[in-house]
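Coordinate inspection notes
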Amino acid sequence: MTSFWQKILKPILVQAPMEGVTDVIFREMLGLCSRPAVFFTEFVNVEGLNSEGRERLLPKLKFTSRQRPIVAQIWGNNPDNFTKTAKMLVKMDFDGIDLNMGCPDKAVIKMGCGGALISNHRLASEIFLAAKKGACSLPVSIKTRIGFDKIETEKWIGFLLEQNPDVIIIHGKTVTGKDKKKTDWEEIGKAVRLRNKLKSQTFIIGNGDITSLYQAKELAEKYGLDGIMIGRAMISNFWIFNEKLEPEKIPQRDKLKLLIKHLELAKKYYGNHASFNPLKKYFRNYISGYEGANELRVNLMKQPSIEEAIKKLLSVIASETQ
Ligand SMILES: Cc1cc2nc3c(=O)[nH]c(=O)nc-3n(C[C@H](O)[C@H](O)[C@H](O)COP(=O)(O)O)c2cc1C
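The shown structure was predicted, so the numbers you read here are calculated from the model rather than taken from an experiment.

Procedures and definitions
Residues numbered from 1 in each chain as written. Predicted model: local features only at pLDDT ≥ 70, side-chain atom pairs only at ≥ 80, totals over all residues. Helix = DSSP H or I, 4+ residues; strand = E, 2+ residues; numbered from the N terminus. Rg over C-alpha atoms; globule rule 2.2 N^0.38 Å. Buried ≥ 20, exposed ≤ 12 C-beta atoms within 10 Å, placed from the backbone. Contact = placed C-beta atoms within 7 Å. Domains from an automatic or database assignment. Nonpolar A, V, L, I, M, F, W, Y, C, P; charged D, E, K, R; others polar. Near = placed C-beta within 6 Å. Core = buried A, V, L, I, M, F, W, Y, C linked by C-beta atoms within 7 Å. Pairing = 2+ DSSP bridges. Axes fitted to C-alpha atoms, helices over the stretch in contact; angles between N-to-C directions.

**So, the overall build of the chain**
Helix and strand counts for the chain stand at 14 helices and eight strands. Against the compact-globule benchmark of 20 Å for 322 residues, the chain has a radius of gyration of 20 Å, which places it among compact chains. For the chain, buried positions account for 43% of its 322 residues. Taking as baseline every contact in the chain between residues at least 6 positions apart, the subset at least 24 positions apart corresponds to 71%.

What follows is the structure, given as structure tokens:
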């Protein structure tokens, strides 16, 4: 069956899942500024989703009609919970399901989840099959790395290709190795060659240290990738997926209005639970590159609440129009 992945023009430009970043609000603002071809949620724990604490995790699975196609990323270690969660995600009308098999977080590794699955092929395979069982016709992808403590691209990616997932997203680093500084694109290219040799239909998407769309397209072409995933570079450049747009040329007033919208969306979606601090990391996206930008950012950081920050921004816009 054809999945949404196969209908997108290549190279497929994908928004990376990022815990504490890529929630419904982030994706809405990103989509307003420039659109990736595929959106991802933050990762959500399948054990939590099947426990009494479920309600607390559900906000992570909110999305709007503008954020499509959207893939829910899940993690955990109990195959049954992957089946149950996949069924839940089908009902929630997600377009795809992604299994996290690359997270290096110590707490996640300790539980045998995320990147630890690279050293546990049996459980990785059980999880994949369990998720497939619940996913019905939804495509199931796997986001991973090129090894646990050493590079083992052929062994690990070769094993994953045997499972026949729709897509493998490869962050070109190991989980705990000393190669943390740079993404190894040659290894990602090796995975593509392996896929071609095995005549597998699985798409391969590369990820790691991309800072521009130009670079993304160049690497996709060089290594024969089906797509590229971009993570951290989005945080300070919401226009990264639109190569025709130069963020520096967008009037500052328009950017300030967008920041107000961002803050208002936080109030709308999280109400009294909306906290101001996590939003501060986006200020540079909207306020940078002109005289007075630093001062305004510092001033906004010092505001006691989202409401006060909005007031300050409105007064800056009003004073500019006088
Ligand atoms: C703050 C933060 C949170 C992240 N959360 C997730 C996550 O929930 N799931 C996941 O698969 N990867 C997560 N990642 C990894 C990114 O998806 C991506 O693979 C990594 O940042 C490399 O891409 P980049 O160099 O373009 O940022 C996270 C990374 C960061 C910096």
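**Points about the domain arrangement of the chain**
When cut into domains, the chain gives domain 1 (4–234) and domain 2 (250–321). Between domain 1 and domain 2, the contact holds six residues from the first and six residues from the second. Grouping the amino acids of the side of domain 1 that touches domain 2 by side-chain chemistry returns three nonpolar, one polar and two charged.

**Section: the site of the ligand**
Inspection of the region around the ligand gives 22 residues, with Ala16, Glu19, Phe43, Gly231 and Arg232 positioned closest. Along the lines of polarity and charge, the residues of the shell around the ligand split into nine nonpolar, eight polar and five charged.

**Considerations on the nonpolar core**
Ranked by size, the top nonpolar core spans 86 residues in total, and within it Ile74, Ile97, Ala131, Ile205 and Ile228 carry the most contacts. Looking at this core element by element, the count peaks at six residues for helix H7 (residues 121–135). Shared between two domains, this core takes at least three residues from each, and those domains are domain 1 (4–234) and domain 2 (250–321). Not counting residues within four places of it along the chain, the set of residues in contact with Ile228 comprises Pro11, Leu13, Val14, Ile205, Gly206, Ile210, Ala216, Leu219 and Ala220.

**Side note on the sheet that holds strand S3 (residues 70–75)**
Judged by pairing direction, the sheet is parallel, and its eight strands sit side by side in the order S1-S8-S7-S6-S5-S4-S3-S2 without closing on themselves. The strands lining the two open edges of the sheet, one partner per strand, are strand S1 (12–15) and strand S2 (39–45). Averaged over all neighbouring strand pairs, the angle between strand axes comes to 25°, with direction disregarded. Along the sheet, H7 makes contact with strand S4 (96–101) and strand S5 (140–147), crossing S4 at roughly 165°. In the packing of helix H10 (residues 213–223) onto the sheet, the strands contacted are S1, strand S7 (203–207) and strand S8 (227–230), and the crossing angle to S8 comes to about 140°.

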